Amino acid sequence: MPLILAAAFLLRLYFVWFSAPAPHYEYPVGMDEANYIELSSNIREFGVFGAWSESFFTRSTRSPLYPAILAFSRAFSENTAFVAQCLNILFDLVNIVLIFEIAQVFFGRRTAFCASAAWAFYGPAVFYCSLAASETISIAIFLCILLSLRGLRSNYAFWLAPLCLSSALMIHIKPVFLIVTPLIPIIVYFSYKNFPMPLRRRAFRALLPFFMTAIMCLPWALRNHSIHRSFVPVCTVAGWHLYDSVFKAEKLDFSPMLDYIYSPKRAGYGETDYYNEGMREFWGKSPIEFLKMPGRGFFRLIIAWTPENFWKRFYLPKAYFMPLRMPPEILLVLPDFEGFFLVLLISTASALVLRRRFFVPAALRFIHLCGWESLICPAYIFAHVLGFPMMQYRLIAEPFLLILAISFLFEVWGFNSGARRDSPRMALAFSVLGPICLAVIGAILLREGGKTVRYPENAGDIPGFAEVHAYQRQNNGQIIAGQRFAEYGIVKYTRKGLRFDGGDATARKDEESAVARFYVQARSQSNPTGIGDAKLNFRASSIPPEGCAVAIRGVVRAGFFRELIADVESWEPISQ
């Protein structure tokens, strides 16, 4: 095990060392990274959970846990991007240990070694260590839930708190887990079916974690209610009633959502208005429509997301590996989810032929070993069925899916999975939950106070953010071609060698350009979080310092999400 951890650490450190700091605009997740980092900045400097993103100010669109962890990390380093990457490396090493422990408790020691080694060299796990994203920490919390559920069997009183705490944290980092939480009482109830105890006591033990988790979630829900005057358990998602549009397309199409947001009749809408309208229409659906949703989701998962000529992919080496490019001219080829899935299909088909007499008993023995606790994994997949083919949504469940796949192959091929541990070690759960809770408390208590900027009056005839965005709200998000733009604000998260062209959600490579996020009139005394935001394209030879207050002039256009993208022609610092 120490060799596996050492190899995993060196691999992740090497990849992160040569990765650009977050946000990575060249990936779709770059938008999320920028928003997470800006949220953490506003928490740390102004005590406000809210930030501008794609021309809208939102206070509840993101789940709160990950920005709070990043905010706490700012107490140790201003370079939040690389602190996030260091946190990812640390938590992913803990994930390897948790995978080993879970596999050993559920199935056996040999399965544990194979599963932990597979994750140590797993392409998506290494890749996500380089991003300021919540997935790596979410995996650690998800594994703690599995560990706690199994631990309840051996000592209910000791494992109750870790289960409730990890469930509450999971809800506040991946709100889709709200849909999974009602399954926990069922799992706990049936996990105790072989224990002699009165029915009422068993039912009480099953329901107690659910209600304790709900109580832990209450403070953030009350905070949201005070802002939105509506029941918002964790975060708002506008346009839930537009689900039907995604069932009809092979690829995710954002145009129905953007048309909805920028409809002229909603020109005065804010985050609360979009949420309340979306909820009214969503809950207005008939019971039949609700029942159709999972079926449509699974249909899309199986059909619409299946690659063309899927059966040919068994013969393609690239289907089994995820290439990661690192300087100097190094191409790291690591296994990915599709590769493991294809190997599982091939091995299962072979076992059906070569070990057909033993296959069914082995499969039944595997199901018995899984236990009721394993239902958490398919429940999460069910809750995230629409996005499950996308790496960032699937990654949370992949460690346990790897454990299940390796154990299943051991069983059907007749290999000994090794000795099983009777009960998990609680110290491993608290090694994850303890630091996260301390980070949340630290984010609330440790605030540094942000510096204010005195901006001049916006003079001249050139429109600024307010005028251009108001025009967008009345014209379906569109902007007049060649629209001039002048504004004051803070330039952040600058990256060289990239350019926003607006044709895609990502930035393209351009050695003559540099990109940045622009927060309009941020850190002003009247409104510290600013009055808007935009994406900027600079000439690579003329870039303002990071975090500098500047006045810019240029031409603005609508981007892929109809956000503002300004090609900066000139800029000058604002003297303080």
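Being a predicted model, the structure only gives us computed values, none of them experimental.

Spatially, β5-β6-β7-β9-β8 is the arrangement adopted by the five strands of the closed barrel, whose pairing is mixed. Put simply, the sheet's adjacent strands are angled 55° from each other on average, direction ignored. Note: strand β8 (residues 549-558) against strand β9 (residues 564-573), nine bridges, orientation antiparallel. Bridging from a neighbouring strand, V550 pairs with P573 of β9. Sitting on the sheet, helix α2 (residues 30-46) touches β5 (483-499) and β6 (508-520), and the angle it makes with β5 is about 110°. Along the sheet, helix α22 (residues 465-474) contacts β5, β6, β7 (532-539), β8 and β9; its crossing angle with β5, the most-contacted strand, is approximately 90°.

To continue, consider a nonpolar patch on the surface. On the surface, a nonpolar cluster with roughly 690 Å² of combined accessible area is contributed by F9, L10, L13, Y14, W17, F18 and I330. A per-element tally of the nonpolar patch places helix α1 (residues 2-17) first, with five residues. Within the element layout of this structure, F18 appears in the loop between α1 and α2.

A few words on the packing of helix α5 (residues 109-120) against helix α20 (residues 398-412). At a minimum axis distance of 9 Å, the contact between α5 and α20 shows a crossing angle of 135°. Classed by the angle they form, the pair α5 and α20 counts as oblique. Viewed along their axes, α5 and α20 form a crossing whose handedness is right-handed. Taken together, the residues of α20 that come into contact with α5 (itself represented by R110, T111, C114, A115, A118 and W119) are E398, P399, L402, I403, I406, S407 and F410.

This next bit is on the pattern of salt bridges. When the charged atoms of two side chains with opposite charge come close together, those side chains can pair. Scanning the entire structure with this criterion turns up 21 salt bridges. Across the salt bridge formed by K492 and E38, the nearest N and O atoms sit 3.0 Å from each other. Of this pair, K492 sits in strand β5 while E38 sits in helix α2; the two residues are 454 residues apart in sequence, bridging distant segments of the chain. Salt-bridge contacts for E373 lead to R150; the nearest nitrogen and oxygen are separated by 3.2 Å. With E373 in the loop between α17 (356-370) and α18 (376-383) and R150 in helix α7 (residues 135-154), this residue pair connects regions lying 223 residues apart in the sequence. Residue classification places E373 among the buried residues on the basis of a relative accessible area of 0%. Judged by its relative accessible area of 7%, R150 is buried.

All right, on to the nonpolar core then. With 150 residues, the main nonpolar core has W119, F177, I376 and I436 as its most contacted residues. Residues contacting I436, with those up to four places away along its chain left out, are L65, I69, F91, I137, I141 and L169. Counting residues in hydrophobic clusters, the runner-up holds eight residues, among them I43, A51, A68 and A443.

With that settled, the discussion passes to the confidence of the model for the protein chain. For the protein chain, mean pLDDT is 86; residues scoring 70 or higher make up 89% of the total. Here helix α12 (residues 243-247) stands out as the least confident element of the protein chain, with mean pLDDT 51; β7 is the most confident, with 95. Throughout residues 246-250 the model reports pLDDT below 50, and contacts reaching past four residues in sequence, or to other chains, amount to eleven contacts.

Once that is clear, we can look at the environment of L375. Its place among the elements puts L375 in the loop between α17 and α18. Among the residues examined, L375 registers a relative accessible area of 34% and is labelled partly exposed. Dropping the residues within four chain positions of it, L375 is found in contact with L183 and I187.

It is at 8 Å that the axes of helix α10 (residues 183-191) and helix α11 (residues 199-228) come closest, and there the two elements cross at 145°. Pair α10 / α11 crosses with right-handed handedness. Taken together, the residues of α11 that come into contact with α10 (itself represented by I184, P185, V188 and Y189) are L199, R202, A203, R205, A206, L207, P209 and F210. By residue class, the composition of the contact of α10 with α11 is ten nonpolar, no polar and two charged.

For the structure shown, the criterion picks out 28 aromatic pairs. For the pair Y14 and F18, a centre-to-centre distance of 4.8 Å together with 65° between the ring planes defines the contact as edge-to-face. By the ring-pair criterion, three or more aromatic residues cluster together here, those being F106, F107, F359, F366, F400 and F408. K492 extends its terminal NZ or CZ atom over the ring of Y519, reaching a point 5.6 Å from the ring centre.

Criteria and thresholds
- Residue positions are given per chain, counting from 1 as you read along its sequence in written order.
- Reporting in this predicted model follows two pLDDT cut-offs: at least 70 for local features of residues, and 80 or more for side-chain atom pairs to be given and counted; totals over whole chains, interfaces and linings ignore these cut-offs and use all residues.
- The basis for the side-chain values is all heavy atoms of the structure; hydrogens and waters are excluded.
- If DSSP finds at least two bridges between two strands, the strands pair.
- Helical segments are the DSSP runs of H or I of at least four residues, strand segments are the runs of E of at least two, and each set is numbered from the N terminus.
- Axes here mean lines fitted to C-alpha atoms, for a helix over just the part in contact, with angles spanning 0 to 180 degrees between N-to-C directions.
- Residue contacts are defined here by distance: any two heavy atoms, one from each residue, within 4.5 Å place the two residues in contact.
- Nonpolar side chains (Val, Leu, Ile, Met, Phe, Trp, Tyr) are joined into patches within 5 Å and like charges within 9 Å, using only residues with over 30% relative accessible area and no salt bridge.
- Only the protein chains shown count as cover for residues, and the accessible areas themselves come from Shrake-Rupley with a 1.4 Å probe.
- We define a salt bridge as a side-chain nitrogen of Lys or Arg found within 4 Å of a carboxyl oxygen belonging to Asp or Glu.
- Note on angle classes: values under 35 degrees are labelled roughly parallel, values over 145 roughly antiparallel, values of 65 to 115 roughly perpendicular, and the remainder oblique.
- Crossings are assigned a handedness: left-handed for a near helix turned anticlockwise from the far helix by less than a right angle, right-handed for a clockwise turn.
- Burial status follows relative accessibility: with a 1.4 Å probe on protein chains alone, a residue under 20% of its type maximum counts as buried, one over 50% as exposed, and anything between as partly exposed.
- Buried Ala, Val, Leu, Ile, Met, Phe, Trp, Tyr and Cys residues that are joined via side-chain atoms within 4.5 Å together make up what is termed a nonpolar core.
- The predictor attaches a confidence to each residue, and that confidence, scored 0 to 100, is pLDDT.
- Three classes are used: nonpolar for Ala, Val, Leu, Ile, Met, Phe, Trp, Tyr, Cys and Pro, charged for Asp, Glu, Lys and Arg, and polar for all others, with Gly counted as polar.
- Ring pairs shown here join Phe, Tyr and Trp side chains whose ring centres sit within 6.5 Å, with only the six-membered ring taken for Trp; geometry is labelled stacked below 30 degrees between planes, edge-to-face above 60, and tilted in between.
- Any Lys NZ or Arg CZ found within 6 Å of a ring centre and within 35 degrees of that ring's normal is scored as a charge over the ring.

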